[in-house]
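# Descriptive structure summary
Chain residues, written in single-letter form:
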Amino acid sequence: MNEEIRKLLKQMTLEEKARLCVGAESNWATCAIPRLGIPAVTMYDGPVGVRREMAESEGDGFNQHNSYPATCFPSLSTVSMSWNVEAVGEMGRLLGEQAQALGVNILLGPGINHKRTPLGGRNFEYFSEDPYLTGQLGVHYVNGLQSTGTACSLKHFFANNTEYNRHSIDIKIGERACREIYLAAFETVIKQARPKTVMSAYNRFDGSFCSENKRLLTDILKIEWGYEGVVISDWGAVHDRVKALEAGCDLEMPYQTEESAASLVRAVQEGRLDEKILDRSVATLLELICELKESEREYKLDLETGHEKARELAAESAVLLKNDGALPLRTDFCVIGELAETPRIQGAGSSRVNPYRVSSPLTELRNIYGNVAYAKGYGANEGELAEVLADEAASLAKSVPAVLFFAGLDDKTESENCDRKDLMLPPEQIRLLEKIVAANANVILVLQAGSVIEIPCLDKLNAVLFAGLGGESGAEALADIVSGKISPSGRLSETFVAKLSDNPTYATYAKDPERMSYSEGIFTGYRYYDSEEVEVAFPFGYGLGYTDFVYENPVVSGGGDEEFVLSVEITNAGNMDAKEVVQLYVGKKDSKVQRPKKELKAFCKIALAAKEKKVVRLTLNQQSLRYYDETARQFVLEKGCYELYLNKNVSENIAVLPLTIN
Ligand code: GLC
């Protein structure tokens, strides 16, 4: 604690100290203490764009329309499919600049919770089903954001993996799964990017609310991991302010009543709360406030640059799941589906952004191909008109060589505060798609969603492009891919399971309104499907492009207790520039403990011009091979032989190389 903070602390009354540990009545700031010249710092959502709310007088209630325009980037689930950590870092930096320009000191993101079930209502807001991929993306996002003087809020700590009864559900997880899966990305980001704030989650963990859970917020976060930043509660996640403060929750958000601060004053006066604990949180808050005020910078709000960068990122994130030669589109075609005209660019809930400017896929395609015929095809509440729309679309489909069919989820199906009921598209879209594939043999499906879809008529489709939630310039990105200007290079960061009941959480999910036990342990996502050889629709890490890549001469060097490196020569055998995601998984068949068959431990994305060859080096260290020993209560390294899987995706192996640890 520096001298200035020490002095301030001494000058503060007990009431002022308690008041600082609860948000300001404005809902989006800390509480200023003018008597001592302590300013407020502001905080707003969210992970994919700055939702800087206008004053009540200017707005019309809690929705995106009363916030200032800002760049709406693709969702985190979408950008994670770019596997491009530098690009995600750049997104973080641009978000930080826009936050500064809009007077925001803390941006409430990124959300890095694990995707345990494809039904998760906020899966669109989280990166991946793999903690290593999530951790690497999170480190770059946070470093980029905080390089501008804006603080992040790493959320939601932790095990907020479902929206089902999210404010009360008690999550039970075995210690090894906690350490290797659910805490892992938080530990990586906290140790490698030093986020200035962490947001405690709504749910309970092991019987107590995360915001009041001392083992979580103090023993693990602050003592074991050495975290020195501020813990902010999720909005309304504190139930007992004294208990939360003792557990390590420094700032309750938002302000609810005077009772919160008053309860802290009474607890100290009655000897139930040691004032040193209050002083510890106050000092941490004062350090954050001083640091953020000092790091405020004058950035110009450059929304055109943001729009273009979001376009590049959306184009790098779309995943080509199937292509029997229909893409890039070189023949006449029509466009069918309302989402081509009014695209779904972001998820619903607190992450909502008021986008700077949004085009539509139909407009962007017409800019390239001329006047392309279009039929809306479906609408959510069309009633008897639905049949007319569908027949109109079907007859249009009969008249052209190819159909670009747009489908996806809506804000009711995919939103914060509610999980999905299934993995299906809306029924009216499925009914129409069945008619269209019967009317035309060359149908390309474009999906706009933030999470897994069970794809209907898959065998009758000529191509499938999963565009994710592409942000405000997703339409331009889509046209870049469909027209062949850019070769798609996205790879799935969440398994497309063939049917929901194949998911390992199916038996335990939402069976009990009070609690949820993660009985599948570490066998989550591809760790389960791959180990149990469950056939999936499209595996983790999967994605096609418009060119092929040749891998040659994979070699492992190094070993012992320093790093070891897998190097491989990769050539772009195609006729256009393209990008490849090189993936390295590690397994240990003869392990003395249960392990997934393979786990992602290194990756990199490389750009290769047509016919260009590069040597790619992927680095591992012994830390990458450890597993969590519940008896020793620490990560341990098992000696012996490991398998290094150089893969196109988790299921498609290029080479397996042995690695021995003596
Ligand atoms: C919400 C979300 C959190 C968000 C906060 C402020 O309930 O859980 O992600 O940052 O409240 O809107």
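To start, this report covers the structure provided alongside it. Because the structure is a prediction, the values reported are computed rather than measured.

Rules used throughout
- Throughout, a residue's number is its position along its own chain's written sequence, starting from 1.
- For a predicted model such as this one, the threshold for reporting local features is a pLDDT of at least 70, and the threshold for listing and counting side-chain atom pairs is 80 or more; totals across whole chains, interfaces and linings nevertheless cover every residue.
- Side-chain figures throughout are based on the complete set of non-hydrogen atoms in the structure, without hydrogens or water.
- Stacked, edge-to-face and tilted labels apply to pairs of Phe, Tyr and Trp rings (six-membered ring for Trp) whose centres lie within 6.5 Å, assigned for plane angles under 30 degrees, over 60, and everything in between, in that order.
- Numbered from the N terminus, helices here are DSSP runs of H or I no shorter than four residues, and strands are runs of E no shorter than two.
- Type-normalised accessible area, obtained with a 1.4 Å probe on protein chains alone, sets the label of each residue: buried when under 20%, exposed when over 50%, and partly exposed for intermediate values.
- If even one non-hydrogen atom of a residue comes within 4 Å of a molecule or strand, that residue is called near it.
- Any N or O atom pair separated by 3.5 Å or less is treated as a polar contact, with the protein-specific requirement of one donor-capable and one acceptor-capable atom, and with residues adjacent in sequence counted only for side-chain atom pairs.
- Residues are grouped as follows: Ala, Val, Leu, Ile, Met, Phe, Trp, Tyr, Cys and Pro are nonpolar; Asp, Glu, Lys and Arg are charged; every other residue, Gly included, is polar.
- Note on pairing: two strands pair once DSSP finds at least 2 bridges between them.
- Here the expected length of a helix is defined as 1.5 Å per residue gap, with one fewer gap than residues.
- In this analysis, two residues are considered to be in contact whenever any of their non-hydrogen atoms come within 4.5 Å of each other.
- Handedness rule for crossovers: strands pointing away from the viewer, path from the first strand over the helix to the second running clockwise, crossover right-handed.
- Disulfide: a pair of cysteine sulfur atoms within 2.5 Å of each other.
- Definition used for salt bridges: Asp or Glu carboxyl oxygen within 4 Å of a side-chain nitrogen of Lys or Arg.

## With respect to the packing of aromatic side chains
Under the definition given, this model contains 19 aromatic pairs. Here W83 and F603 contribute two aromatic rings whose centre-to-centre distance is 5.2 Å and whose plane-to-plane angle is 80°, an arrangement assigned as edge-to-face. One end of the pair, W83, is in the loop between α3 (76-79) and α4 (85-101); the other, F603, is in strand β19 (residues 599-608), and 520 residues separate them in sequence. As far as burial versus exposure is concerned, W83 and F603 are alike and both buried. Look at Y526 and Y585: their rings are 6.0 Å apart centre to centre, the planes differ by 90°, and that puts the pair in the edge-to-face class. Here Y585 lies in strand β18 (residues 578-587) and Y526 lies in helix α17 (residues 526-531), a separation of 59 residues in the sequence. Residue classification places Y585 among the buried positions, given a relative accessible area of 0%. Grouping aromatic residues by their ring pairs yields a cluster made of W83, Y132, Y526, F540, Y585 and F603.

## Digging into the site of the ligand
Lining the immediate surroundings of the ligand are 13 residues, of which D45, K155, H156, Y202 and D234 lie closest. Taking R122, its side chain carries an N or O atom lying 2.8 Å from an oxygen atom of the ligand. At 2.7 Å from an oxygen atom of the ligand is found a side-chain nitrogen or oxygen belonging to D234. By residue class, the composition of the shell around the ligand is five nonpolar, two polar and six charged.

## Section: the sheet that holds strand β15 (residues 515-517)
If you trace the four strands from one edge of the open sheet to the other, you get β7-β6-β4-β15, paired in mixed fashion. Both outer strands of the open sheet, β7 (208-209) and β15, are each paired with one neighbouring strand and no more.

## Describing helix α14 (residues 385-398)
In this model α14 runs 20 Å from its N-terminal to its C-terminal C-alpha over 14 residues, within 8% of the 20 Å that 1.5 Å per residue would give. Elements in contact with the buried residues of α14: β10 (333-336), β11 (374-375), β12 (402-408) and α15 (427-439).

## Things to note about the side chain of T571
The topology assignment puts T571 in strand β17 (residues 564-572). What makes T571 buried here is its relative accessible area of 15%. Excluding residues that lie within four positions of it along the chain, T571 makes contacts with D548, F549, V550, E552, L608, K611, E612 and K613.

## Examining the pairing of β10
The side-chain alternation of β10 yields two buried faces, one formed by F333 and V335 and the other by C334 and I336. By the bridge criterion, four bridges tie β10 to β12 in an arrangement that is parallel. Residue V335 lies in a different strand from β12, and its bridge partner there is L404. Across two bridges, the pairing between β10 and β11 is parallel. Paired with V335 across the bridge in β11 is Y374. In this view, the connection linking β10 to its parallel neighbour β11 by way of helix α13 (residues 361-369) has right-handed handedness.

## Let's talk about the side chain of E494
Following the sequence through the fold, E494 ends up in the loop between α16 (474-482) and β15. Polar contacts involving the side chain of E494 include one to the side chain of N123, which spans 3.1 Å. Apart from the residues lying within four places of it in its own chain, the contact partners of E494 are K115, T117, P118, N123, E129, S451, V452 and F540.

## Overview of α4
For α4, built from 17 residues, the straight-helix expectation of 24 Å at 1.5 Å per residue is met to within 8% by its first-to-last C-alpha distance of 24 Å. With twelve of 17 residues buried, α4 is to be regarded as a mostly interior element. Against α3, β2 (106-107), α5 (131-146), α12 (303-317) and β19 lie the buried residues of α4. By the N-cap criterion, in which a side-chain oxygen at the helix start approaches the backbone nitrogen of a residue two or three places on, α4 is capped by N84, the distance to E86 being 3.1 Å. Among the residues trailing α4, G103 stands out with phi positive, at a value near 75°.

## Considerations on the state of the cysteines
As enumerated under the stated definition, the model contains zero disulfides in all. Of the cysteine sulfurs around C72, a residue in no disulfide, the closest is that of C418, at 19 Å.

## What to know about the pattern of salt bridges
Pairing between side chains of opposite charge can happen when their charged atoms approach one another. This model, assessed by the stated rule, comprises 53 salt bridges. Notably, a salt bridge pairs R122 with E125, separated by 2.7 Å at the nearest N-O pair. The pair formed by R122 and E125 is uniform in burial state, with each residue classed as buried. The network of salt bridges with shared partners includes R122, E125, E163, R166 and E416.

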